[in-house]
Each structure stands twice: as C-alpha cells, then as structure tokens.
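Geometric and topological summary
Residues per chain are reported as follows:
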Amino acid sequence: MRAFVRQLRPALLVFVALTAICGVVYPLVVTAIGQTAFHYRANGSLVRRNGALVGSELLGQTFTAPGYFHGRPSALTDTPIAQVSGASNLGPTSDELAAAVRQRVTAYRAENGLPATQLVPVDAVTASGSGLDPHISVANARLQAGRVATARGLPVDQVMALIAHHVDGRMLGVLGEPGVNVLRLNLALDALRSNQ
Amino acid sequence: MSWQAILQAGALALALFITVPPLGNYLAAVYGARHGVDRAPGERVFGPVERLVYRTMRIDPRREQRWTAYAASMLAFSMVSVLGLYLLVRLQGSLPGNPGHRPSMSPAGAFNTAISFVTNTNWQWYAGEVSASHLIQMLGLAVQNVVSAAAGMAVAVALIRGVVRAGTNQLGNFWVDLVRTVVRVLLPLCLVFSVVLVSQGVVQNLRGDRVVATLDSGASTTQHIPGGPVASQEAPKMLGTNGGGFYNANSAHPFENPNPLTNLLEIWALLLIPFAMVGAFGRLVGDRRQAKVLALVMAGILVLITSLASFAEQSGNPRLNALGVDQSMSIQQSGGNLEGKEVRIGAAGCGLFAGPTTGTSTGAVNCAHDSMTPLGGLAPMVHMMFGEISPGGVGVGLMGLLIYALLAVFIAGLMVGRTPEYLGKRIQAAEMKLLTLYILAMPLALLGFAATAVVLRSAHTYQAGPHGLSEVLYNYASAANNNGSAFGGQNTATTWYMSTQGVAMLIGRFFTIVPALAIGGSLAAKPKVPVTAGTMPTNTALFAGLLAGVAVIVAGLTFFPALALGPILEHLKL
Amino acid sequence: MSTTTAFPGSAERPPKVRTKAPATSTLFDRDVLRSAVAGSVRKLDPRQMVRNPVMFIVEVGSALTTVLFLRHLRHGTLQENLFGGLVAGWLWFTVLFANLAEAVAEGRGKAQADTLRKTRADTVARVRQADGSIVETPSSALAVGDRCVVAAGEVIPGDGDIVEGIATVDESAITGESAPVVRESGGDRSAVTGGTRVLSDEIVVRISAKPGETFLDRMIALVEGANRQKTPNEIALSILLAGLTIVFLLAVATLQPFATMSGAPQNIIVLVALLVCLIPTTIGGLLSSIGIAGMDRLVQRNVLAMSGRAVEAAGDVTTLLLDKTGTITYGSRQAAEFIGVHAVNPGQVAEAALASSLADETPEGRSIVELALQGFGLAAPCADGAELVPFTAQTRMSGMDFATGRQVRKGAADSVRRFLEAQGAHVPRELAPIVEEVSKDGATPLVVIDRVPGEAWRALGVIRLKDTVKLGMRERFDHLRTMGIRTVMITGDNPLTAAAIAAEAGVDDFLAEATPEDKMALIKREQAGGNLVAMTGDGTNDAPALAQADVGVAMNTGTQAAKEAGNMIDLDSNPTKLIEIVEVGKQLLMTRGSLTTFSIANDLAKYFAIIPAMFAVALPQLAALNVMQLGSPRSAILSAVIFNALVIVALVPLALRGVKFRAESAASVLRRNLLIYGVGGVITPFVGIKLIDLALSALGIK
C-alpha cells in the first residue's frame, strides 16, 4: 500500500506532462501539418456548387427526387445537437430487419419500374454501417438509370456512361470494393443539365 | 470470396512481414537499453525530451523497481488517469474547446468512460457526435489512447525481463518504460500515420459542425458535416489497439476511414505493434525461434478467425434471399451481407477488419458487428474469448500468450519427466497460483456478469431469441477482454451495464496485469536452468501446435455451452 | 568407498541388485484389494475428501443428486427415476473408484514396507549401562545413545553405529545378499541396520535412531495416507486442477440462466452430471496414487527416500557424479601383466611382485600372487621370519622385508620414484615411458623395486593392474546423454588413467585425484550453472557433499552422518542405483503429465455428448451437434457419466505401474506422449461413450 502512495506523485506529474505532450502539442502539430499540406482533405473534402457548400465528397446524403440517383438506406439519427452516425444494428434473424428489407424491396421495385421477379441488389435495401455511405454498387446504379434517364429526359446510354465514369474502383487493383459516388454522380448530372 | 479480396489479405500480410521485424528490433533496442548506460536508438532526438519529463517528475530513471513497485506505479498511473479523465468529462460542458456545446457526462457515464479509456478498452457507451467535445477528445481521450497503450507495452516488457533475467528482483522502471514508449515509439509512429491519414481524407481541424443544405432540395434535409481533430486521434486509436473513435460509427465513418487504402492501413496499424512486441521478445531472450513459435500461434488463430468472418459475411444472409434480395458476387456488385456495412469496404472487408480488431484488444469496427451473420458474429466473439492472444493488445497480448505458454509448458513439461520449465525458469507452485488467478479473471467477469444480466429484468435490453444472448455475451466479452467493440443493437447506456461493464473492464485489465507482473518478479528471482536434451523444446512447431491447442481448448471448454445457446443456435435456426 | 589410493582398500565384492517379484502381481493381490475396498469407503469421510478439491466436488455432487433423486422418487416416471438413480449411483462410483486407487496404492506400499518391517522383529537388546552392567531391554524400548552388546548369532536390535569391535554381519534381511559383510568401528563401514544378524565376534552398537523413527519408518510415513504431505510439483499441479475446476464450475453454473433464457431450463441432476464430467476427475482421482506408487517403486528397488521432494528432484537431475571404482568399474583391479625395465625380464618382476604381495590381503594383492604363481609357474618364497611393511598414506608403498635381508616394495609410480631419489638410487630411464603407457591405457601401474643387502635399491619393473569397466556402462551413459544428463566420473586415479577409463566408459567428464573438497567444489560449480546434481556417498567425509547435492544417495553401509546428510538411502549400497533413481523420478512426473493431458483432452467429447442431449427437446436445432449419434438424451448423459467413472478404474494400473519409461530426448518423449495421451485422450471418449451408449440401448435403458 505504501508503495502505491509513494508512486502517486510521479503518476500525477507524468500524467500532466504526457497530457501536455500528447493532448496539446501532438494534435496541434498534426493539425498544423494537415491544414497546410492537405487543406482540402483535412477540412472534410467539401464540395461546392456555384460557390455554395453542398456537402462532402466522402459523405452520403439523402436523395429522393426521381431525377437523382438514390443512396443507400441510412440509420443516421437526428438529434438537436448533432447528426449521429451509426448502423441499425439489427441481427440477421431479426424480424424487424426482415420487415424493413421486405418493405424496401417493394419500394425499390416500384420506384424504378422493375418487375416483381427482379432481384434487388443488397446494398439498396440494407442500411449502411455509418449512415453516411457515399457509394452504391454499380448494379444498384444501373437499375436506377432508367428512372433517372426518364426523369431528366436523357438517353439511358448516356446515363450509363456517366455511371461508369464515376465508379471508384478498387485501389491498387485489389483493395476494397468498387462503388459509385452518388453525390459526384448527381452533381455531374446536374452539370449536364445546366450545359444543355 | 473474390480473388481481389484474397490478394488484399495477402497485401496486409506482406505489409506486416516487411514492417514487423525492423520495428521489433527497434523495440528491443529501446527497452533493452539501460538508462544512462546503453544508447537506445534516437538518443539525440528523444533523449532531451525524456530527460525533461524525468526532471519534471522528479524520479531517478536509473533506479529499477521490484515487481511490487512496478505494479504500484502502473496502478497509481491508471488511477490518476481515471480521476483526471473522469473530471474532464464531468466538466465538459463548462470547459472551452466545445464548439458543438456538448453537455457534461453523467456520473455513471463518466465512470464508465474514464475506466474504459484508461484500461485500453475504449468501450464507448456514448456517441462521439453528441457526447464528446473536441477538447475532451483531444486532451482526454486521445491522450489515454497513447498512454494506456504505453502502459500495456511497459508491463509486457517487465514480464519479458522477468523471463530473461536470473537471480534478481529488479524488473525495470515503469516510468522510464512508459515515457520511452510514448516518446520514442508511439508519438513518432502516430505523427507519421496521422499525416498519412489526413492525406487520404481523414479530417483534422478544430471547427464544429457545418450545417449545409443537401443537393436534393426536395429531400428537405440538412447535413451536419462534422469537424474535429480526428486524424490525430485515429492514429493512436489503431496503433495503440485502443479502438475509441471520434464518431459513433467508428471506422465505418468516412471521415475516420475514407477509402480502402486507409482501411488496409488501419488494419495494418492495429496489428503492427502487437506483432512487433513478439519480435522484440525474440531478440531480448536471444532466441528468434521462440518468437517465431509465438507469432505462428497468433497468426494461425488470427487467419482462421478472419477467414471464417470473411467467408460468412460474403456468403450473405440466407433470410434475405427469400425476400428477393441479390447477395451474389459479380462484376457489378460485391454482394454478401451488407447490413451495417459500407460499399467501399464490402462484406469480406468487414471480416478482414473484424478478425484483427478482436484478436487484438482494439475493438474499432468498420461494420456493425451486431448485424453480422451468426457465424460471422461468432468469429469475433470467440476471438475475444481466447483471451486476446492473437496477437492481443499492445504489450498485454504478448503477456497473455506468455502466460498461456507457461500453462502449456506446465501440462506438457510434466510429460517429459521434468519439473516444467520455460526458457530456463522452473514453473512451480507459486507461478501456478498466479497463473490460475490470471486465467480465472476474464471468464469470471464475462460469464458472471452475463448470467446475472440475463436473470435481471432491468438488464433485458437485448434483442429477442438467441441473438439476444449473443449480444449480452459479446458485450461482456468485449469489456472483460478490454476490447471495446460492441454488438451495438443492445442498449448498454443503462446504469446496470455502465457499472458492471466498468467493473468487468477493471477486472480484465488489472486482475491480469498484476498476477502477470508477480509472475515476472518470481521468475526473475530464479536461477536459469541450462538447456539440455532433456529440456522440453519450446521453439518447435510441435510446441506451437500444443500452445495453440491449449489456448483454444481452455477457451472452448469454458465458453462452449454459452456459445451453443447463442450464435451456434442462431446459425442452426437460420 | 575411498578413492584416493592406488589400492582401493578392502572394497566389497560388487553387490548384487536384488530383483523383486514384478509389480503387477501385487496389483491383484487379494488381501490388498479387499482391504482397499474397505479403505475406499472409509475415505468417503468429507474431512478426508476436502484435501482433494476435485473429488470433493464430485462427492458433493453425488450427495446432491442422491437427495434430488430420492425427493423425486414418488412422482417421477420409471425412466426418470431410473435415470436419476443411475446417475447418482455412478457418481458415487466415481468417488469410490478414485478412493480405491489411492487405497490400493497405499496398500501396496504398506505391503512392501511390511516385508521390510518384518526384519525388525522385536528382539531383546542387551544394553550396557554406564557402570558396565547389562540390562535386557526390548528393542522397541531402546533410546538414542544406548550401547547394545551384540554377540555372534544375535540379531542387531536397531539402527546404529559400531563403537567397539569388528564383526561379520549377515544383511540378507535387508539386501537379500547372503554373503557376509565386514563391519567395524571407526572408518566408513561402521553403520549397521536393525534386523541384521551378527555372524562372528562381538560388537557394541550405539543406537542412533528411536524405534519408530528409523529411516525405514520415516519412509513408510511418507507413503501412508493420513500424514502424507504433498510434494512441490504435486502442489503446483493441484493448484492448476483446482483452477480448472473453478472455471468449469463457473461454466456450468452460468449455463442455467442462459438455458432458462433460451427456454430450456435444466434439471439440476443433469447440470451436476455435466460438471462432474468436465472437471479433471481422471487426474484428480489418480494424483495421490501416482505419487504413492512412485515412492513405492523406489522401495521395490531397495531405495528409501526421505522426502517426496527428493524423488521429484531426481527426475530433474542434470549432472550425475559417479565414483569410478565399484560404480563404473568392477572395483577390484586385477594384475594383468608384468613389465620389466631394460635388462629385466618379466619373470624377475613377477618374482619380486609375488614376494611383495605375499601378505597382501587385498584383491589386487591376491591377483598379483595368482598371476605370478600361475602365469609364471613360480613358487612362493619362504615367508618365515619375514616382516610385512604395510601400506601407509604417506609412503603409498607396501612390501615385505625378508629374513634373508632382501627387501621388496611395490607402490604408486610417483611415490616409488620419490623414494628412490631420496635413497639416492638410480631411476631407470625406461620406467617413466612404461608407466605412462600403462596409464594411458587406463590401467594402474605399480612399480616394483627390491634391494639385496649391500646393494642399492633397483627398480625392476611395473605391474599392470587392469580396472575393467563394467559391462553395459557405455550404453547406460548414452541413454543418460539422450535424456540430457551429464555424467562426471570421480576418481583418485592419476589424470591419465582417469582420462582413459573415462573415454572407455563414455562419461562426459571426469575429476581425477579427487579429494572430498574437490568433490564439494565441483558440486557447487555445477549448481551455480543451474544444474541439479546427484551423487552417492558413504563416508563421513562425504556428508557435506551429500548435503550440498540436490539428490544425495547414501549407501546403507555408510556412516550415520552420511545417511543423515543425504536425502535417500540405498539399502543395496549399489552406486549405479543412482541411474535407476533418476528414471523413477522422471517416470513419476511423466505419469502425472500424461494423465493430466488425457484428463483434459477427454472433455471435448463429453461436451459433444452432453450439450445436445441437454437441449434436444427444447432446442431441436442443437441436435446437429450430436456427432456421436447417441440414442437418447438420457442415455447420452448417463453414458458420459459412466465413461467418466470407468476411465478412472481403467487407468489405475497405469497410474500404479507408471508410464513406460524410455531413455529418449525430451522432444521425442513429448511427441510420443502427446500423441498417445493428447490425441488419444481426444479420441478415446468418443469411442467409449458411443459403446456405452450402445450397451445401454441394448439393455433397454433410454
């Protein structure tokens, strides 16, 4: 017991010292480097349109209009203070999950004019891990292309080409999985329209 | 599984093969150097910083400690840290650096959070977006990410010294080990890693949320784009096997883990130091093959579990197939069970993260473990139940495997007709008493609290059916093993869970470290027995198999009944 | 056994090792079994069972299931009651089988000890009082320090030292060797054992041990149950077993809440059955009998161990110190050749050697005489009026001075050389090379000189005394080497001879011209290097070294001081016994380790038997885990319980006999034992439980 008490003073002193080094010096150094060398990235990869901030390249957002590609279902929680990222955390045998998926499948088919036999890509009917997934699968995008083309009066092929153009492929050829960045795709669609 | 996913795992292995040995040698040099006598690498750069700290602390870095003083130092430091962090989060609302105006934490929440970060668990009952200000994240949580890792590494080195030294009772100086680890190992690595992360998109700023109108004005939603010193916290979160992220979604959040490269780098980072400690061990005991055996055991279990998780998730959730969902793998989609997962990471990528994160005591997640398939969720659960030895948390993982090695040596050593001995030190009654204490701590906390929670109505916050039992088992396994990942579907922000998980974390951390340090002290005092043809070899493949068998069998025998009623039953019911 | 001279003193003939009847015959000894069965029931006393935590839990479980069975008896179905009763019954059997193992081991030990004790039949001792009178006292009432007069034909009443007189003693009661041995006061052969018979002359024996506290009595106490203390390794293993038991207790106790939550609450009887099957009952039940049987195996080899710790230390020995004479070599050197210096032919050497050895009673001397008489057809010279010049430590020479005035001497080469130089006599140049060549060969050279009146001493030649290495020693040392044990030969010979013998015998190292101080220094050096040292000794001057060594085996023929200093006593006084002692020590630890591994490995199959059975009704999906396809839930659980009990009984012979010992490296021993007891331990219960289940189904028990 005495040994413990004797060590309390060095403990307190090193705690203060290390808090200063690790809690003040270190993060401020990293912030300084980040802000100077990687300003865009360090500040959230913000995307603007016509000078106005519309979102982040890395974060998914809600799209409901027929002329936009829709992102994945999200379990983001809105609170007065902040939007809390997160997943549904529903288990695989959960009835709640089955009900939600069933409903989403029906809605997806209806929305995109697909027959009742069309298998729906899994990313379209499952909630993402963060609630902020910026991507959808290529299959999902291609099934939405028809609806988007019709809503914007564009040839489907052009929409398909645009999709292909906005695929974030695997990095270094093997890392991760390919996906379509919905915000960038929708911005490109809007850019098309404004050019027309 | 796609061939790319397999190659991705191969790339991870390659990255480790290349970086672990040099770091292991560096660690051995840093820890093996006696203060003022040997020159540890980086003396010119780091020496002055360390000396300043020692002067501030008013300790003599040349003095070494017996195991009792070493343990007392570690406990004192942990206690001071808990108090400090507790005060910080309780006063959060009144402190500056709070652009988002986060309120102070409740006493129970503060208690749980303080213990959680100090014990390297980083269990987060709270959501970072609403409950933690930037100041607290930087000054309280990130600091503990660094120093709790350093404390874990220090105690492992003390145990190694106990094995290596003979006829002495000195195990080193905890303060020197702690400061050296922070200054010469963790901070340099964190600095470099955090900058790399920023370059890929992990945010690093000091502003609050930006509220923007989304592109689709018809959706009439706004988006809060969060800020914060994330990269500087993310680096020690992974490198120190902590797992406590900035945001609620942890490494599923694009601002913490933006792309597949950062995903791979984060997995590499969380495995780096635990494996490097094994390399340092090999160098310090003067027999590389001993380290290879331990690394083989760690890698073997890790690969098996990770493969199980990846395959299970990639195979998808059979129940969804019946609902018209396409989970197949094709050019156009990665498929698999994507509930709770990110597209850029994929189902297999979730398994690739889940295995290492639960094999070390990290507990960060890049997908929702609660939504994994029964077998997919069984993998990380069982991985934790092995006691975090594959490769385990920084320092404490090696410590745990060494304790298992003593157990394996004891059982098998008798079979060759000698008093069991490990690396020249006899294992006798005193060591067995401490070893038994060590082995009992985690199951006691895990099963004891889980069983009680299942009986108490007030603790009934889990889902129905066998999945609910899985949730309870997983969350207590996470606390008792200082992991910190969760089956997040269960509400653990109640007083019952916050207090019992807090106690479980304390038991898991200190009722293992203190007996291990005592074993170190006991071994250090013993003489070294020479190696002869009659010594049971511990640097052969046979011993590796034996050690893996002992670890798996002991965990299996303890937890099989509970697992049978949880994830295994859920799988059979699928 | 003195080792410092060219003449080894009057060494005994190499003692025979008595082989007792094989152990298995006493395993099935009717009397031992019968009393063991009674003993196993007596051991059910909870106060005794508490000392073995694992089996105590089984006993508590048995009592609990019995109570539950009886309470449920009235309203249970026939099948339910049959199940409950059988489980309770077999749980009791589990405890009883474990107790039986211990009782059998103790019984065998007692039987062995009784045969030795019989030699201590109560006799009447004649105690000499301070005033010289003799008082007759029964041997059981003797005190330490009593001086007993024992005459020819009488039995020595107790352990002690001879303080007066010299006699021949028949020690067959202890050693089985019927050839009489000489015991005399002073020197290294003064110790006598109670129960042996004096054959000639009369001696006065000072009693050194209270009746009931002789070495034999102390050893018996080590074996007998009630006061038996656990040895260090046993304690360590017991701690581990207790720890595992707590873990399994935890697993089973928390199973009930989980099962209830899953809708399948369990019958307490089933939970108790699961617990008993999981805890390491196999090793828990057999641990004490392994230890007792190990000590017992030493008694079979006529070795008394003074503590269990010593037996375990024997298994850990890494360095063996062995005396050359009598241990590595036959001990009595034989004259093999006479070599003359220049101009002297062997016959002349033979004649002088013969003359100098006429009165030499040592085997060496007699062999010289024999070789001279038979090899050269010489006749013994007349010894009338001749004066024997005895051997002394200072001169290291001996010989005869004849009435004719002729003097002959023989002795160690360097002593003779010094003598000649002191006398101013000529030392032939060829002498040194001959001596060196004989030494290099591993033989002992004795130089023969003589003097005729009026002339100077002349060196005639060299007698080659061959010291033969015992048959089979090389193989034994090779075995020891594979086990990682270093052998060091201790001898008083000169370094050249020692080196040659060491090379021939195949020892790892040797210490030549060794004094007791040299021996002590060697032991300390070895221990400083972390080695465990074993040695034998008999003299008082061996006592410090015996105490210092980790395993000190004192010869029974040695002094009391030696016996007190060592931690084992070899009744056969056979120095090679040390090797067997090491094997017994290792075998003891091996048996413990193998059965522990087996016990834990068994648990795997038991889970696969019981878990699906427990939940088969409420959670039918778990039937997928029923890999053994057992008949019904009840028969599955019952089969596991029965198997658990039977495996204890089945392994009793192995526990008592010990795992088969082979001299191999640790790596190959590990591989083999891991395969047999580890892998075998995993597979055996799968087969065993299935077979029992089939038998139960055949009997209609479901």
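Residues numbered from 1 in each chain as written. Chains lettered and ligands numbered in written order. Predicted model: local features only at pLDDT ≥ 70, side-chain atom pairs only at ≥ 80, totals over all residues. Heavy atoms only, no water.

What about the side chain of C:D161?
Residues and elements named next belong to chain C. With respect to the helices and strands, D161 occurs in strand β4 (residues 160-164). Of the side chains with opposite charge, R206 comes closest to the buried, unpaired D161, at an N-O distance of 5.4 Å. Beyond its immediate stretch of four places on either side in the chain, D161 contacts S190, A191, V204, V205, R206, T559 and Q560. (Helix = DSSP H or I, 4+ residues; strand = E, 2+ residues; numbered from the N terminus. Buried < 20%, exposed > 50% of the residue type's maximum accessible area, 1.4 Å probe, protein only. Lys, Arg positive; Asp, Glu negative; His and termini not counted. Salt bridge = Lys/Arg side-chain N within 4 Å of Asp/Glu carboxyl O. Contact = heavy atoms within 4.5 Å.)

Some details on the interface of chain C and chain B
The interface is formed by 60 residues belonging to chain C together with 55 residues belonging to chain B. For the pair chain C and chain B, the two sides together bury roughly 4,800 Å², of which 80% comes from carbon and sulfur. Interface area lost by chain C to chain B is led by C:F258, C:M261 and C:L670, which between them contribute 14%. The interface formed by chain C and chain B includes one salt bridge. When the shortest N-O distance is used, the salt bridge between C:D316 and B:R426 registers 3.8 Å. Between chain C and chain B we count seven residue pairs in polar contact (both at pLDDT 80 or more) in total. (Buried area = accessible area lost by both parts, 1.4 Å probe. Polar contact = N/O pair within 3.5 Å; in protein donor to acceptor, adjacent residues only side chain to side chain.)

Some details on the arrangement of the chains
Taking contact number as the criterion, the leading pair out of two pairs of chains in contact is chains A and B. For chain A and chain C, which are not in contact, the least C-alpha distance works out to 15 Å.

Thoughts on the interface of chain A and chain B
Interfaces are often described in size by the accessible area the parts lose on coming together. Tallying the contact residues gives 105 residues for chain A and 116 residues for chain B. Carbon and sulfur atoms supply 68% of the area that chain A and chain B bury against each other, a total of about 8,900 Å² over both sides. The three residues of chain A that bury the most area against chain B are A:Y26, A:P92 and A:E177, which together make up 8% of that side's buried surface. At the boundary of chain A with chain B, the tally comes to one salt bridge. Inspection of the chain A/chain B interface yields 41 residue pairs in polar contact (both at pLDDT 80 or more). In terms of residues, the side of chain A that touches chain B owes the most to one element, helix α2 (residues 8-37) of chain A, which gives 24 residues. Split into classes, the residues belonging to the side of chain A that touches chain B amount to 57 nonpolar, 35 polar and 13 charged. Where strand β5 (residues 120-121) of chain A meets strand β3 (residues 325-326) of chain B, two bridges bridge the pair, whose relative direction is parallel. Opposite A:P121, over in β3(B), you have B:D326 as the bridge partner. (Nonpolar A, V, L, I, M, F, W, Y, C, P; charged D, E, K, R; others polar. Pairing = 2+ DSSP bridges.)

Here's the deal with a positive patch on the surface
Residues and elements named next belong to chain B. On the surface, a cluster of positive charge is made up of R283, R288, R289 and K292. Examining the composition of the positive patch, we find that three residues originate from one element, helix α10 (residues 288-314), more than from any other. In this structure, R288 sits in helix α10. (Patch = residues over 30% accessible without salt bridge, like charges linked within 9 Å, V, L, I, M, F, W, Y side chains within 5 Å. Areas by Shrake-Rupley, 256 points an atom, 1.4 Å probe, with all protein chains shown as cover. Charge placed at Lys NZ, Arg CZ, Asp CG, Glu CD.)

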